[in-house]
Amino acid sequence: MPELPEVEVVRRGLVSWVRGRTITSVDVLDPRSLRRHALGPEDFAGNLEGARVLDVVRRGKFLWMPLADTPGDPAPHNQAPHNPAPAVALMAHLGMSGQLLMQDARVPDEKHLKVRLRLSAAGDMPEQLRFVDQRIFGGLFLTSLIPTDDGGPGGLAETPLPLIAEEASHIARDPLDPHFSFDAFYRRLRARKTGLKRALLDQGLVSGIGNIYADEALWKAQLHYARPTDTLRRAEALRVLDAARDVMTDALAAGGTSFDSLYVNVNGASGYFERSLNAYGREGLPCRRCAAAGRVSPLLREQFMNRSSYTCPVCQPRPRNGRW
Ligand SMILES: [Zn+2]
């Protein structure tokens, strides 16, 4: 499952290839990848053909491309042509194995190619945006853009607009979003009365933190996953949020360096994970912070919300008797 940094790598790569280009034709090779588009493949293709891609926007793990009106639409009689705000976006849901690839027309179709968008010519840039998905959990669909509830930008974008894809409108801003409000987050976190990790995974409170980054952030902040959020001090909440931002920024930097300019790609876990994880997947291995202090403390793995949580029993002690 791609995490936020991988989706941001896709966004940054994709935007330089598609922004300002017009979709000239659409091939739907497997309608299962359009199952979230309720009106079906013909409606999908009909709406996209002739539309111009304005930008690539991301909030949390949601990624969308706002589309401009069809350039062929005549301006209303006696009115100057205008540039209305975009109302529709192409949403890309990457699922477990979805990939967005920019390919030259000469490159043979990938085995799991599902949807092909042909784009207007732009210098030497490849003509095709391909959606490839081996396991078919991902997909493409069209969605409405609606005003954001705080009037701020919908997400990270090259030219931010105060609009958000309807499907993403229920999720909070993510820690990499410059408009993320720590004060609002802390207020709502205290009011949740739940365990800290459960709160970090709650997309309505803060988006884009998956299981791996939650464990890494908690380890870095030296907080236990079951810590009741209504006992959390402001400095502790700030510590865990800063930690989440740090591990995501590091992963983003690593993903950015291995990025092939012709190949916008998401493959789930990147090489970063094996090299840099301090908690996730390290059951029984010594805690690196404890080791640096001369202690041997093997990490624990515990069941948590049908997944696993990895913690150091020494530097992330479990809450006891509600005392902090
Ligand atoms: Zn430790």
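What this report covers is the structure whose coordinates are included nearby. (Residues numbered from 1 in each chain as written. Predicted model: local features only at pLDDT ≥ 70, side-chain atom pairs only at ≥ 80, totals over all residues. Heavy atoms only, no water.)

A look at the overall build of the protein chain
- When you go through the protein chain residue by residue, the secondary structure sums to 8 helices and 12 strands.
- Out of the 324 residues in the protein chain, the part that is buried amounts to 51%.
- For the protein chain, restricting intrachain contacts to residue pairs at least 6 apart in sequence, the fraction spanning at least 24 positions comes to 68%.
- In the structure as shown, the protein chain presents an accessible area of about 15,400 Å², 51% of it carried by carbon and sulfur atoms. (Helix = DSSP H or I, 4+ residues; strand = E, 2+ residues; numbered from the N terminus. Buried < 20%, exposed > 50% of the residue type's maximum accessible area, 1.4 Å probe, protein only. Contact = heavy atoms within 4.5 Å. Areas by Shrake-Rupley, 256 points an atom, 1.4 Å probe, with all protein chains shown as cover.)

Things to note about the packing of aromatic side chains
- Applying the stated criterion across every chain yields a total of 5 aromatic pairs.
- Clustering of aromatic rings is evident, with ring pairs tying together Phe-180, Phe-182, Phe-185 and Tyr-186.
- The positively charged end of Arg-289 is found above the aromatic ring belonging to Trp-219, 4.0 Å away from the centroid. (Phe/Tyr/Trp six-rings, centres within 6.5 Å; stacked < 30°, edge-to-face > 60°. Lys NZ or Arg CZ within 6 Å of the ring centre and 35° of its normal.)

Side note on the nonpolar core
- In this structure, Phe-185, Leu-189, Ile-209, Leu-218 and Val-240 are the most contacted members of the largest nonpolar core, which totals 33 residues.
- Elements represented by at least two residues in this core include exactly α1 (4-18), α3 (182-192), α4 (196-200), α5 (211-221) and α6 (234-257).
- It is α6 that contributes the most residues to this core, 9 residues altogether.
- Leave out the neighbours within four places in its chain, and Phe-185 touches Phe-180, Leu-205, Val-206 and Leu-241. (Core = buried A, V, L, I, M, F, W, Y, C linked by side-chain atoms within 4.5 Å.)

Some thoughts on the coordination of the zinc ion
- Here the zinc ion is held by the protein donor atoms Cys-287 (SG), Cys-290 (SG), Cys-312 (SG) and Cys-315 (SG), which lie 2.2 to 2.3 Å from it.
- Taken together, the 4 donor atoms coordinating the zinc ion span angles of 100 to 121 degrees at the metal, a pattern that classifies the geometry as tetrahedral.
- Each donor residue of the zinc ion lies on one chain, and together they are spaced C-x2-C-x21-C-x2-C.
- When its relative accessible area of 7% is taken as the criterion, Cys-315 is described as buried. (Donors = N, O, S within 2.8 Å, 3.2 Å for Na, K, Ca; no water. Tetrahedral: all angles 85-135°; square planar, octahedral: opposite > 155°, others 65-115°.)

A word on the environment of Leu-300
- Within the fold, Leu-300 resides in strand β11 (residues 300-304).
- Leu-300 gets classed as partly exposed once you look at its relative accessible area, which sits at 39%.
- For Leu-300 and Pro-286, which are 14 residues apart along the polypeptide, the C-alpha to C-alpha distance reads 9.7 Å.
- Excluding anything up to four places from it in sequence, Leu-300 contacts Ser-309, Tyr-310, Thr-311 and Pro-313.

Digging into the environment of Thr-148
- On the secondary structure map, Thr-148 appears in the loop between β9 (139-147) and β10 (163-165).
- Taking C-alpha positions, Thr-148 is 9.1 Å from Leu-161, a pair spaced 13 residues apart along the chain.
- Within the structure, Thr-148 has its side chain in polar contact with the backbone oxygen of Gly-152 (distance 2.7 Å). (Polar contact = N/O pair within 3.5 Å; in protein donor to acceptor, adjacent residues only side chain to side chain.)

Some words on the pattern of salt bridges
- Following the criterion strictly, the structure yields 24 salt bridges and no others.
- In this structure, Asp-242 and Arg-245 form a salt bridge, with 3.0 Å as the shortest nitrogen-oxygen distance. Taken together, the residues Asp-242 and Arg-245, both in helix α6 and 3 residues apart, mark about one turn of the helix.
- Here Asp-242 falls in the partly exposed class, since its relative accessible area comes to 33%.
- For Arg-318, the salt bridge goes to Glu-302, with nearest N and O atoms at 3.1 Å. Of this pair, Arg-318 sits in the segment after β12 (307-311) while Glu-302 sits in strand β11; the two residues are 16 residues apart in sequence, bridging distant segments of the chain. (Salt bridge = Lys/Arg side-chain N within 4 Å of Asp/Glu carboxyl O.)

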